[in-house]
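Descriptive analysis of the structure
Here is what each chain is made of, one letter per residue.
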There are 2 protein chains.
Amino acid sequence: MHSTQKPRATAINRRRVTAAMVAERAGVSTATVSLVANGKASGRVSPGNEAKVREAIRELGYVVDGIGSSLARGVSNTVIMVAPDISNPFFATVIAGVRAALGSEFQLLLSVTDAGQLPSADDTRRLLGLRPAGLLVDAPDPSFLEELSAPGPLVLLDAPGLGPEVPAVNLDVAQGGRLLAEHLAATGHKKVAYIDGTTGTTTFEVRRIAFLEAAGALGMEVPEGARIAATINVGLAANAFAEAWPQWKKLGVSAVVCATDTHAYGVLQEARAAGISIPGELAVTGFDDLPYSTTSSPGLTSVNLPGELLGRRAAEQLLRLIAGEDLETQQVTLESTLMVRGSTVQG
Amino acid sequence: MHSTQKPRATAINRRRVTAAMVAERAGVSTATVSLVANGKASGRVSPGNEAKVREAIRELGYVVDGIGSSLARGVSNTVIMVAPDISNPFFATVIAGVRAALGSEFQLLLSVTDAGQLPSADDTRRLLGLRPAGLLVDAPDPSFLEELSAPGPLVLLDAPGLGPEVPAVNLDVAQGGRLLAEHLAATGHKKVAYIDGTTGTTTFEVRRIAFLEAAGALGMEVPEGARIAATINVGLAANAFAEAWPQWKKLGVSAVVCATDTHAYGVLQEARAAGISIPGELAVTGFDDLPYSTTSSPGLTSVNLPGELLGRRAAEQLLRLIAGEDLETQQVTLESTLMVRGSTVQG
DNA sequence: CTGAAAGCGCTTACAG
DNA sequence: CTGAAAGCGCTTACAG
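Bear in mind the structure is a predicted one, so any value in this text is a computation, not a measurement. (Residues numbered from 1 in each chain as written. Chains lettered and ligands numbered in written order. Predicted model: local features only at pLDDT ≥ 70, side-chain atom pairs only at ≥ 80, totals over all residues. Heavy atoms only, no water.)

1. What to know about the relation of the copies chain A and chain B
What counts here: Here the copies are superposed with least squares, the fitted atoms being C-alpha atoms of residues at a pLDDT of at least 70 in both. Here a residue-residue contact requires only that any non-hydrogen atoms of the pair lie within 4.5 Å.
Mapping chain A onto chain B calls for a screw motion: a turn of 180° about the axis and a shift of 0.1 Å along it, with 0.1 Å RMSD after fitting. On this basis, the relationship between the two copies can be described by a two-fold rotation axis. Every residue of chain A has its C-alpha some distance from the rotation axis, and the shortest such distance is that of Leu 110 of chain A, at 2.4 Å. An overlap of 93% is found between the interface residues of chain A and their copies at the interface of chain B, pointing to a shared contact surface.

2. Quick look at the nonpolar core
Under the convention used in this document: Grouping buried Ala, Val, Leu, Ile, Met, Phe, Trp, Tyr and Cys residues that are joined through side-chain atoms within 4.5 Å yields what is termed a nonpolar core. Per-residue accessibility, obtained with a 1.4 Å probe over protein chains only, is compared with the maximum for each type, and a residue is labelled buried under 20%, exposed over 50%, and partly exposed between these values. Strands are runs of DSSP state E lasting at least 2 residues, helices are runs of H or I lasting at least 4, and numbering of each runs from the N terminus.
In terms of nonpolar packing, the biggest core is built from 145 residues, with Met 81, Trp 248 and Val 284 of chain A together with Met 81, Trp 248 and Val 284 of chain B touching the most fellow members. In terms of residue count, helix H5 (residues 89-102) of chain A provides more of this core than any other element does, eight residues in total. Not counting the four nearest positions on each side in its chain, Trp 248 of chain B is found in contact with Ala 193, Ile 195, Gly 225, Ala 226, Ile 228, Phe 241, Val 253 and Val 256 of chain B. Of all hydrophobic cores here, the second largest spans 28 residues; its members include Ile 80, Val 82 and Leu 109 of chain A together with Leu 109 of chain B.

3. Observations regarding the UniProt feature "domain: HTH lacI-type" (unreviewed entry) in chain A
Rules: UniProt positions are given in the numbering used here, feature names are shortened, and annotations may be inferred rather than shown by experiment.
When the UniProt feature table is mapped onto this chain numbering, "domain: HTH lacI-type" (unreviewed entry) sits at residues 17-73 of chain A. Taken as a whole, residues 17-73 of chain A contains 67% helix and 0% strand, while its terminal C-alpha atoms sit 20 Å from one another.

4. Some details on the pairing of strand S10 (residues 301-304) of chain A
Strand residues, when the strand is regular, have side chains that alternate between the two faces of the sheet. Residue and element names in this part refer to chain A. Our working definition: Think of it this way: DSSP has to see at least two bridges between two strands before they count as a pair.
Pairing geometry for strand S9 (residues 283-288) and S10, over four bridges, is parallel. When the bridges of S10 are listed, Gly 286 appears paired with Ser 302. Pairing of S10 with strand S12 (residues 337-339), which is carried by three bridges, proceeds in the antiparallel orientation. The residue bridging Ser 302 from the neighbouring strand is Met 339, located in S12.

5. Considering the protein's contact with DNA strand C
Where we set the bar: A cutoff of 4 Å decides nearness: a residue is near a molecule or strand if any of its heavy atoms lies inside that distance of it. The definition of a polar contact used here is a pair of N or O atoms within 3.5 Å, where within protein one atom must be able to donate a hydrogen and the other to accept one, and adjacent residues in sequence count solely through side-chain atom pairs.
Near DNA strand C there are 29 residues, and of these Gly 43 and Asn 49 of chain A together with Ala 19, Ser 34 and Tyr 62 of chain B occur at the shortest range. Backbone sugar and phosphate groups make up 76% of those atoms of DNA strand C lying within 4 Å of the protein. With respect to DNA strand C, the backbone of Leu 71 of chain A contributes an N or O atom lying 3.4 Å from a base oxygen. The separation between a phosphate oxygen of DNA strand C and a polar side-chain atom of Lys 40 of chain B is 3.0 Å. Looking at the surface near DNA strand C, the elements with two or more residues in it are helix H2 (30-37) and helix H4 (66-73) of chain A together with helix H2 (30-37) and helix H4 (66-73) of chain B. Sorting elements by how many residues they give to the surface near DNA strand C places H4 of chain B first, with five residues.

6. Considering the interface of chain A and chain B
Stated formally: Here the buried area means the combined drop in accessible surface, using a 1.4 Å probe, for two parts upon being joined, counting both sides. Each salt bridge in this description consists of a side-chain nitrogen of Lys or Arg and a carboxyl oxygen of Asp or Glu lying within 4 Å of one another. Asp, Glu, Lys and Arg are counted as charged, while Ala, Val, Leu, Ile, Met, Phe, Trp, Tyr, Cys and Pro are counted as nonpolar; the rest, among them Gly, fall into the polar class.
Contacts between the two partners involve 54 residues from chain A and, on the opposite side, 59 residues from chain B. Summed over both sides, the interface between chain A and chain B buries roughly 5,100 Å², with carbon and sulfur atoms accounting for 54% of that surface. At the boundary of chain A and chain B, one finds two salt bridges. Asp 65 of chain B serves as the salt-bridge partner of Arg 131 of chain A, at 2.7 Å between the closest nitrogen and oxygen. The interface formed by chain A and chain B contains 13 residue pairs in polar contact (both at pLDDT 80 or more). Mapped by element, the contributors of at least two residues to the side of chain A that touches chain B are H4, H5, strand S2 (107-112), helix H6 (121-128), helix H10 (234-251), helix H11 (261-274) and helix H12 (292-295) of chain A. Broken down by element, the side of chain A that touches chain B gets its largest block of residues, six residues, from S2 of chain A. For the side of chain A that touches chain B, the per-class residue count stands at 21 nonpolar, 19 polar and 14 charged.

7. Comments concerning the pairing of strand S1 (residues 78-83) of chain A
Residue and element names in this part refer to chain A. Of all six residues in S1, six are buried, a share of seventy percent or more. In S1, alternate side chains face the same way, and those of Thr 78, Ile 80 and Val 82 on one face and Val 79, Met 81 and Ala 83 on the other are all buried. As paired strands, S1 and S2 are joined by six bridges and run parallel to one another. Bridging across to S2, Val 79 finds its partner in Leu 108. Sheet analysis places S1 next to strand S3 (residues 134-138), joined by four bridges and oriented parallel. Within S3, the residue paired with Ile 80 across the bridge is Leu 135.

8. Concerning the protein's contact with DNA strand D
Taken together, 30 residues surround DNA strand D, and among them Ala 19, Ser 34 and Tyr 62 of chain A together with Gly 43 and Asn 49 of chain B come closest. Backbone sugar and phosphate groups make up 75% of those atoms of DNA strand D lying within 4 Å of the protein. Lys 40 of chain A places a side-chain nitrogen or oxygen 3.1 Å from a phosphate oxygen of DNA strand D. One nitrogen or oxygen atom from the side chain of Thr 32 of chain B is found 3.0 Å from a phosphate oxygen belonging to DNA strand D. Elements represented by at least two residues in the surface near DNA strand D include exactly H2 and H4 of chain A together with H2 and H4 of chain B. It is H4 of chain A that provides the largest number of residues to the surface near DNA strand D, a total of five residues. Residues belonging to the surface near DNA strand D are distributed by class as follows: twelve nonpolar, twelve polar and six charged.

9. Some details on the environment of Gly 176 of chain A
Along the chain, Gly 176 of chain A turns up in helix H8 (residues 173-186). Discounting residues that sit within four places of it in the chain, Gly 176 of chain A has contacts with Phe 287, Val 303 and Ser 336 of chain A.

10. Some details on the domain arrangement of chain A
Rules: Domains are outlined according to an automatic or database domain assignment.
In terms of domains, chain A is made up of domain 1 (19-64), domain 2 (76-171 + 307-334) and domain 3 (173-305). Each of domain 1 of chain A and domain 3 of chain A has a C-alpha centre, and the two are 62 Å apart.

11. Quick look at the side chain of His 189 of chain A
Residues and elements named next belong to chain A. Topologically, His 189 is positioned in the loop between H8 and strand S6 (192-196). Only 2.6 Å separates the side chain of His 189 from the side chain of Ser 254, close enough to count as a polar contact. Leave out the neighbours within four places in its chain, and His 189 touches Leu 184, Met 220, Ser 254, Ala 255 and Ala 283.

12. Looking at helix H1 (residues 19-26) of chain A
Residue and element names in this part refer to chain A. Put simply, the rule is: The arc in question is traced by the directions running from the helix axis to the C-beta atoms.
Listed in full, the buried residues belonging to H1 are Ala 19, Val 22, Ala 23 and Ala 26. Within H1, the buried residues cover an arc of 100° as seen down the axis, which keeps them to one side. Seen from the buried face of H1, the exposed residues on the opposite side, beyond 90 degrees, are Glu 24 and Arg 25. Looking at the buried side of H1, the elements it contacts are H2 and helix H3 (47-60).

13. Focus on the sheet that holds strand S7 (residues 227-229) of chain A
Residue and element names in this part refer to chain A. The test is simple: As a rule, the C-alpha atoms of each element are fitted with a line to give its axis, helices using only the stretch in contact, and angles between N-to-C directions run from 0 to 180 degrees.
With mixed pairing, the six strands of this open sheet are ordered in space as S7-S6-S8-S9-S10-S12. Both edges of this open sheet fall to S7 and S12, since each of them pairs with a single strand only. For this sheet, the mean angle separating the axes of adjacent strands, direction not counted, is 20°. H8 rests against S6, strand S8 (255-258), S9, S10 and S12 of the sheet, and its axis sits at about 165° to S9.

Set out below in structure tokens:
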């Protein structure tokens, strides 16, 4: 009963239904079919013909071929979003925003690279070979943008520090850093540690610099040796913290600012294991305000970044560019807010 | 003389470089350009012409147009992966596996739907309009597959319970359920609770049924009222558990099996808050073995599902189908393993 | 309103 | 080895 399978009994051999087939069935030309199929019939196709074409389309199950259409029009109805890291839960909310704004006219396709990797110039050229109606690029690094010559409509997301002529929607993470500094200063901290990411993404730089500047201005100190970095991973962050804590304690550090909530989870975990009281002995803060930060114990004080809005605004801007409109503002910056929870203030 | 500078056009108005332009520059036909550009020159184009074409391609910065090429060949060099939920961290590892196996010949594009939503038939038709070389569909539901008529090469991932004629790579979550039951029986539990997901995904059904059957066979009981469900969210799972725990306690429940690690994190969190000793008073288990499960305290006993391998195998199968080869095995099932940690056995 | 026709950029028999 | 030519399926001036 072993089968020598030639599978796919499904209608794999079903012939592609073309506009020509519809045209023949409806007794009109392919031009008319095209008009009707694309919703451009009104005022250009007689009601009778339109009805006939619709009927034929229905009967045959005709769908406009994207490839043929793209070639004829010079561009596809696809919007491609390039993202370096989808494993970040934050990304899912950004996508949701993009989808919401894009609606059904354009098809959203994601091109992801391996974790932490940027798309190669080669990848990108191939992407452009698909003739996307527009490109959304999340968290690009500057060198990538240089390679990305001659795209059509392009909007960057979360790409701080670019020339003002590049359409972009940014998160004001610097503001978040300042809010954090103000909050910690207000709650009496003098010496603070900082746990950075290791990817060197611009947003991490901005987070760090904004915090450090504001902290300094507010009379707080980040002592020598109280600045470390760890990969974005709970366990690794926990280890890094465990190793650093004895020295920090000696230095008098009473708060630690983490570049991401994920780092902060590691600190919370290790602190619990080591019996460090939070926030009494050590206050902990993060960035991103991931879902778990509301429900961890204690809750994590974190900078909330509006991911859904980021995606939505970026897609809206892109839609304008695709429509050939000018952008009122090339660059949009979205405010971040500080969510204060039990990891910095006694519940 | 023309310059030998790199073909880095200055943005916006660069004219598309076509094969015809390359052909003219090299003094050959577009047929020859096509052969060279596609690496099919060997034995079909004279060395001299090949060199001339390569030179022209370099000078002009020519890239084969994906749309034109796809139309001529009938299929694109794109592989589209349809996935219902990218916010699941597990998914990132699957993608990594797919990318690794796919190599550089095919361009991987992701089509995601909103969380928990299946792609509509309409979406899918448009996807097929892009003429992908192959389709990968992650965690589809059966009704979706019915609509997906007449695709070319197609491989399903994590789609248990399908007819044997559909190429698929599955995770043996049933085995995971059995391992869990055996482990809990071996560690002396008699009454066990179960926290299910709410999405009704097939994999959740399989997890539950396999566990319940094995548990029954091993003499364990899941009492009336000790089966609840919660959305995949730490906080919601925590709440659901908090509400259920008093009754479970009365019933003599000493272990709880969660459909996902995320549910289990909620239980761990609430248990800590409520002073329930783990695993002494309550043993906790999950499915998925997410990264945090190694480092939570206590570590979470969980069924490890090989995500990277899942993606890799699926892509390998797809590559075979694309190449027109037969599959040795239509359906591949990957073993799951049980990672025993502190949430079920005293560290 | 309508259809014939000219592409869009490429690939691939085919004839030389 | 090589190039002219016929498409792939569609859209869009254009002439009627």
